[in-house]
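In case you want the letters, here they are:
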Amino acid sequence: MKTHFIAIGGSAMHNLAIALKDKGYQVTGSDDAIFEPSKSRLEKKGILPQEMGWFPEKITPDIDAVILGMHAHQDNPELARAKELGLKIYSYPEFLYEQSKNKTRVVIAGSHGKTTITSMILHVLNFHSKDVDFMVGAQLEGFDCMVKLTQDNDFMVLEGDEYLSSPIDLRSKFLLYQPNIALMSGIAWDHINVFKTFDDYIEQFRKFVASITAGGVLVYNEEDPEVVKVVENAENYFRKIPYKTPEYEINNGKVYLKTEMGDVPLSVFGAHNLLNLEGARHICQQLGIMDEDFYEAIMSFKGASKRLEKVEREDKGTLYKDFAHAPSKVKAAVKAFKEQFKNEKKYGFLELHTYSSLNPAFLEQYDHAMDGLDEAVVFYSEDALKIKRMEPISPEFIKEKFKNESLRVFTNAEDLHAYWNTLDKTDGVYLMMSSGNFGGLDLTK
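Keep in mind that this is a model prediction, so the values were computed, not measured.

**Student:** Would you explain the environment of M184 in this entry?
**Tutor:** Considering the arrangement of structural elements, one finds M184 in strand β11 (residues 181–184). Each C-alpha atom of the pair M184 and L218 lies 7.5 Å from the other, and the pair is 34 residues apart in sequence. For M184, the residues in contact, after removing those within four places along its chain, are A109, F205, V209, L218, V219, Y220, N221, V227, V230, V231 and Y243.

**Student:** How should helix α2 (residues 38–45) be read in this particular structure?
**Tutor:** Note that an α-helix has 3.6 residues per turn; residues three or four places apart therefore point the same way. Of all the residues in α2, the buried ones are S38, R41 and L42. Down the axis of α2, the buried side of the element spans an arc of 95°, and every buried residue falls inside it. Facing away from the buried side of α2 by more than 90 degrees, the exposed set consists of E43 and K44. Tucked into the core, α2 has its buried residues touching α1 (11–23). Among the residues trailing α2, G46 stands out with phi positive, at a value near 80°.

**Student:** Would you explain the domain arrangement of the chain in this entry?
**Tutor:** A common way to express how large an interface is: the accessible area buried when the components associate. Once the domains are mapped, the chain shows domain 1 (2–87), domain 2 (95–299) and domain 3 (309–440). Computed over C-alpha atoms only, the centres of domain 1 and domain 2 are separated by 28 Å. Between domain 1 and domain 2, the contact holds 20 residues from the first and 18 residues from the second. Between domain 1 and domain 2, roughly 1,500 Å² of surface is buried when both sides are summed, and carbon and sulfur atoms account for 70% of that area. Of all residues in domain 1, N15, K23 and M70 give up the largest surface area on contact with domain 2, accounting jointly for 37% of the area buried on that side. Applying the counting criterion to the domain 1 and domain 2 interface returns zero salt bridges. Between domain 1 and domain 2 we count five residue pairs in polar contact (both at pLDDT 80 or more) in total. Looking at the side of domain 1 that touches domain 2, the elements that each hand over two or more residues are α1, β3 (65–68) and α3 (77–85). Per-element accounting of the side of domain 1 that touches domain 2 gives the leading share, seven residues, to α1. Looking at the side of domain 1 that touches domain 2 residue by residue, the classes come out as 11 nonpolar, six polar and three charged.

**Student:** Help me understand the side chain of E278, please; the structure alone is not making it clear to me.
**Tutor:** Tracing the backbone through its elements, the reader meets E278 in helix α8 (residues 271–286). Within the structure, the side chain of E278 is placed 2.5 Å from the side chain of R281, a separation counted as a polar contact. Beyond its immediate chain neighbours, meaning those up to four positions away, E278 contacts Y243, K244 and P246.

**Student:** Looking at this structure, I do not really get the UniProt feature "domain: Mur ligase central" (unreviewed entry) in the chain. What am I missing?
**Tutor:** Mapped onto this numbering, the UniProt entry annotates "domain: Mur ligase central" (unreviewed entry) at residues 108–277. End C-alpha to end C-alpha, residues 108–277 measures 13 Å, and it is 25% helix and 30% strand.

**Student:** Just checking my understanding: could you explain the sheet that holds β3 for this structure?
**Tutor:** Hydrogen bonds along the backbone pair up the strands of a sheet, which may run parallel or antiparallel. What the four strands build is an open sheet, ordered β2-β1-β3-β4; its pairing is parallel. At either end of the open sheet lies a strand with only one pairing partner, and these are β2 (26–30) and β4 (89–91). Across the sheet, the mean angle from the axis of one strand to that of its neighbour is 25°, orientation sign disregarded. Sheet topology note: the strand β1 (residues 2–6)/β2 ladder contains five bridges and is parallel. The residue of β2 that forms the bridge with T3 is V27. Its contacts with the sheet place helix α4 (residues 92–100) against β1, β3 and β4, and it is angled at close to 100° to β4.

**Student:** Would you mind going over the sheet that holds strand β18 (residues 318–322) with me for this structure?
**Tutor:** As summarised here, the arrangement of the six strands in space is β17-β18-β22-β19-β20-β21, forming an open sheet in which the pairing is mixed. The outermost strands of the open sheet, each flanked by one partner alone, are β17 (309–310) and β21 (408–410). Both β18 and strand β22 (residues 429–433) contribute to a ladder of five bridges, which runs parallel. By the bridge assignment for β22, L319 is matched with Y430. Sheet strands touched by helix α12 (residues 395–402): β19 (346–351), β20 (375–379) and β21. Its angle to β21, the strand with the most contacts, is close to 135°. Contacts between helix α13 (residues 413–422) and the sheet are confined to β18, β19, β20, β21 and β22, with β20 contributing the most and set at about 155° to the helix.

**Student:** Would you take a moment to explain the UniProt feature "domain: Mur ligase N-terminal catalytic" (unreviewed entry) in the chain for this structure?
**Tutor:** According to UniProt, the "domain: Mur ligase N-terminal catalytic" (unreviewed entry) feature falls on residues 3–102. Structurally, residues 3–102 comprises 39% helix and 16% strand, and the distance from its first C-alpha atom to its last is 20 Å.

**Student:** Please clarify how a negative patch on the surface should be interpreted in this entry.
**Tutor:** A cluster of acidic residues, E382, D383, E414 and D415, forms a negative patch on the protein surface. Among the secondary structure elements, those contributing two or more residues to the negative patch are α11 (382–387) and α13. Within the secondary structure, E382 sits in helix α11.

**Student:** Please explain the pattern of salt bridges as it appears in this structure.
**Tutor:** Side chains carrying opposite charge are able to pair once their charged atoms draw close together. By the definition in use, this model includes 22 salt bridges. The residue K101 makes a salt bridge to E98 at a minimum N-O spacing of 2.7 Å. Look at the salt bridges and you will find they share partners, linking D199, E203 and R206 into a network.

**Student:** I tried to follow the packing of α1 against α4 on my own but got confused; where do I start?
**Tutor:** Helix packing geometry: the angle between the two helix axes and the distance between the axes. Running from N to C, α1 and α4 cross one another at 30°; their axes reach a closest spacing of 11 Å. Taken as axis vectors, α1 and α4 run roughly parallel relative to one another. As α1 packs across α4, the resulting crossing turns out to be left-handed. Two secondary-structure elements touch here, α1 through A12, M13, L16, L20 and K23 and α4 through Y92, F95, L96 and Q99. Split by residue class, the contact of α1 with α4 holds seven nonpolar, one polar and one charged.

**Student:** Would you mind showing me how to read the packing of helix α5 (residues 114–127) against α8 here?
**Tutor:** Two elements in contact, α5 and α8, have axes separated by 9 Å at closest approach and are oriented at 50°. With respect to α8, the axis of α5 lies oblique. Considering the relative orientation of α5 and α8, their crossing is right-handed. Each of T116, I117, M120, I121 and V124 in α5 lies in contact with α8, whose residues at this interface are N273, N276, L277, A280, I283 and C284. Looking at the contact of α5 with α8, its residues break down into eight nonpolar, three polar and no charged.

Parameters and conventions
Along each chain, numbering runs from 1 in the same order as the chain's sequence is written. In keeping with the model being predicted, local features are shown solely for residues with a pLDDT of at least 70 and side-chain atom pairs are shown and tallied solely at 80 or more, while totals for entire chains, interfaces and linings include all residues. Computation of side-chain values covers all heavy atoms of the structure but excludes hydrogens and water. Secondary structure elements are taken from DSSP: a helix is a run of H or I of four residues or more, a strand is a run of E of two residues or more, and numbering for both begins at the N terminus. Contact between two residues is taken to exist if any of their heavy atoms lie within 4.5 Å; hydrogens are not considered. Exposure classes here rest on a 1.4 Å probe applied to the protein chains alone. A residue is buried below 20% of its type maximum, exposed above 50%, and partly exposed in between. The arc refers to the directions leading from the helix axis to the C-beta atoms. Boundaries between domains were set according to an automatic or database domain assignment. By buried area we mean how much accessible surface two parts lose on assembly, using a 1.4 Å probe and totalling the loss over both. Salt bridge, as applied in this entry: a Lys or Arg side-chain nitrogen positioned within 4 Å of an Asp or Glu carboxyl oxygen. Two N or O atoms form a polar contact when they lie within 3.5 Å of each other; inside protein one atom must be a possible hydrogen donor and the other a possible acceptor, and for residues adjacent in sequence the pair counts only when both atoms belong to side chains. In the scheme used here, Gly and all other residues not listed as nonpolar or charged are polar, with Ala, Val, Leu, Ile, Met, Phe, Trp, Tyr, Cys and Pro taken as nonpolar and Asp, Glu, Lys and Arg as charged. UniProt positions are given in the numbering used here, feature names are shortened, and annotations may be inferred rather than shown by experiment. A pair of strands is considered paired only if DSSP assigns at least 2 bridges between the two. Here the axes come from fitting lines to C-alpha atoms, over the contacting stretch only for helices, and the angles between their N-to-C directions go from 0 to 180 degrees. Surface patches are drawn from residues lacking salt bridges whose relative accessible area is over 30%; two like charges belong together within 9 Å, two nonpolar side chains (Val, Leu, Ile, Met, Phe, Trp, Tyr) within 5 Å. Areas reported as accessible are Shrake-Rupley estimates using a 1.4 Å probe. Residue values count occlusion only from the protein chains shown. Here the positive residues are Lys and Arg and the negative ones are Asp and Glu; neither His nor the chain ends is included. By convention, charge coordinates are those of NZ in Lys, CZ in Arg, CG in Asp, or CD in Glu. Orientation is classified from the angle alone, with under 35 degrees giving roughly parallel, over 145 giving roughly antiparallel, 65 to 115 giving roughly perpendicular, and any other angle giving oblique. Should the near helix be turned counterclockwise from the far one by less than a right angle, the crossing is left-handed, whereas a clockwise turn marks it as right-handed.

Below, the structure written as structure tokens:
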């Protein structure tokens, strides 16, 4: 089968391209910019475009599937050529469904925790040599690629994102998967550039629950009132399995899960991660993994990439990075950090750089998000605001919205880096929260 990727360099897109190449498909692609690690990984597989840009002549009548990434625009010249030729154009999630429509589809959804839960499930399955197809949004230890597609596997585990499918398909991605088994971890307003009201956002999850196949299963977080409302109001038939935070304790900095089989030592920490773990356990039960086998495997799970991930530093300082940027994720990460490190001096750094996090109306949701840290720092780039054509935001306004007068606020990378260099990283513990890189800050030094 001959496939062509429009915007092949994206984090999700390049992994799908590699998975198809490994499956024996003929893969080509284009993009106007490709960065690491996508560039090296595509090059290694022999599918890196020879030059950057869009080339309509690459779109030929013999192409079986054109896969369109979110990075492309509606007026993309390759897309126009594909339409002109009447080729089959898929969004990323639409193509994943096409690859898995004859399998049992397990979809992990929610505003937060979905990457970690999917990663936990895949870790446990891999530990017990249970082979499944999958798509996950983070690089995992022991896995070469974030997407795996085969002819023979019975199950496919999919991280279900509520963001848009493609520039020409404005449905939420997870609405295309039609899960047989689903999980919903939590609902907290996100992507306000697309979902203008909280109800618009919740509506995507109502539709997701409605898309569960007849007689399917939904594992859901009973501690989230918005999730409970969506589940209780669902009109389609499926089996409902609630979960909640399990009992645990912290001894000498180590987290132990309290189970009927005794205390289970873990390598992750934070109440939200224990809640994620419980959701993963219930999904694994549906896939034939007994609790005893689940606990045996989960002890060695060290976390998904950039989710409270410990950074190895040259000076042996204690530093964790977390992908957290949405308010609910920041609050959960800070809470976990304070609980884990009760006696150490705690530094927390947060970078605001998404459309949502820099929106003055949305900033209200960060109230008290950084409370309880000994040093709390927020960084955003004034240049980023200009690029996004957004109104300037003052440091005073940030402090007001965070309801934290002691907050340190930096608006350019040079000042942030200068402050960073004054700190002794062996004195205390550090939590670095961003889906960016703090203006090029090297966290290992």
